[in-house]
Amino acid sequence: RGSRLATDLGLDAAGTPDIQPAPDDTGWTLTWSRNVDGVPVPGDGVRVDLWPDGRMHAIVRTERPLAARPITTLDEATARARGTAMLGTLFGDRTDQVAITTLALAWVAPNSAFDPTGPDAPGTTLRLAWVVEARTSGPLADELRAVKLFLDAGTGALIGGDVLR
């Protein structure tokens, strides 16, 4: 039902949605994540909320603007090497307590997570980036559980990220 509603409204709801029951058995939530040329756009997509009897409660499309794709994209090995080097810069002599767990392309909002001179809010235009996720171990894990770096997919420059304490 949700797929048909989204399609009837002209929304891109291709593929199989993620279907989750709403809290307290108040219906269902169907979500279709946005992908551009096979690359995920986290946070963007289509969401349909249905009442328990199947009637539509709400429909939301989130589609933020994307910057131009770089002419050339760093390959995975180069991105991994840049991510490892950046972790070394950030953690110095504790680099042995940080290990890359995942590396994937995604459209992200640049932010000032590692640059205090940058803007306070994430950028409104998404950029293609290698997302480097790393977990910590040893004494470092007592103060920091994980770190996520956004490396520009064309240049390898650090354009943001996040930390999990």
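Since the structure is predicted, the reported quantities are computational estimates derived from the model, not experimental observations.

Colleague: Where do I start with the sheet that holds strand β7 (residues 146–152) in this structure?
Modeller: Remark on secondary structure: sheet strands pair via backbone hydrogen bonds, oriented parallel or antiparallel. As summarised here, the arrangement of the four strands in space is β5-β6-β7-β8, forming an open sheet in which the pairing is antiparallel. Looking at strand neighbours, the two that pair on one side only are β5 (98–108) and β8 (158–164), the edges of this open sheet. When the angles between neighbouring strand axes are averaged without regard to direction, this sheet yields 20°. In terms of strand pairing, β7 meets β8 through six bridges, oriented antiparallel. Across the sheet, residue A146 finds its bridge partner in β8, namely L164.

Colleague: For this particular structure, what's the right way to read the layout of surface pockets?
Modeller: Over the atoms rolls a probe the size of a water molecule, and its path tells where empty space is left. Considering only enclosed or pocket space, the largest pocket measures out at about 200 Å³ in volume. Along the wall of the largest pocket there are 14 residues; nearest its centre are D12, S33, R34, N35 and G45. Secondary structure elements with two or more residues in the lining of the largest pocket: β2 (28–36), β3 (39–50) and β4 (56–62). Counting residues per element, the lining of the largest pocket draws most heavily on β2, at five residues. When the residues that make up the lining of the largest pocket are grouped by side-chain class, the tally is six nonpolar, four polar and four charged.

Colleague: Got a minute to help me understand unusual backbone geometry in this structure?
Modeller: Leaving glycine aside, a negative phi is the common case for residues, and trans is the common case for peptide bonds. One non-glycine residue, D24, lies in positive phi territory at about 60°. Secondary-structure assignment places D24 in the loop between β1 (18–21) and β2. Even without being a glycine, D25 presents a positive backbone phi close to 55°. You can see D25 is positioned in the loop between β1 and β2.

Colleague: How should the pattern of salt bridges be read in this particular structure?
Modeller: Any two side chains of opposite charge can pair, so long as their charged atoms come close to each other. Scanning the model with the defined rule gives nine salt bridges in all. Of the charged contacts in the structure, one is a salt bridge between D44 and R64, with a shortest N-O distance of 2.7 Å. Highlighted residues: D44 in strand β3 and R64 in the loop between β4 and α2 (76–91), separated in sequence by 20 residues. On the basis of relative accessibility, which here comes to 29%, the residue R64 falls in the partly exposed class. Among the ionic pairs, R47 bridges to D49, the shortest N-O distance being 3.1 Å. Classification of R47 by relative accessible area gives partly exposed; the value is 33%.

The rules we used
Residues numbered from 1 in each chain as written. Predicted model: local features only at pLDDT ≥ 70, side-chain atom pairs only at ≥ 80, totals over all residues. Heavy atoms only, no water. Pairing = 2+ DSSP bridges. Helix = DSSP H or I, 4+ residues; strand = E, 2+ residues; numbered from the N terminus. Axes fitted to C-alpha atoms, helices over the stretch in contact; angles between N-to-C directions. 1 Å grid on protein atoms, 1.4 Å probe; cavity = no way out; pocket = protein on both sides within 12 Å on 5 of 7 lines; lining within 4 Å. Points joined across faces, edges and corners; volume = space filled by probe spheres on them. Nonpolar A, V, L, I, M, F, W, Y, C, P; charged D, E, K, R; others polar. Salt bridge = Lys/Arg side-chain N within 4 Å of Asp/Glu carboxyl O. Buried < 20%, exposed > 50% of the residue type's maximum accessible area, 1.4 Å probe, protein only.

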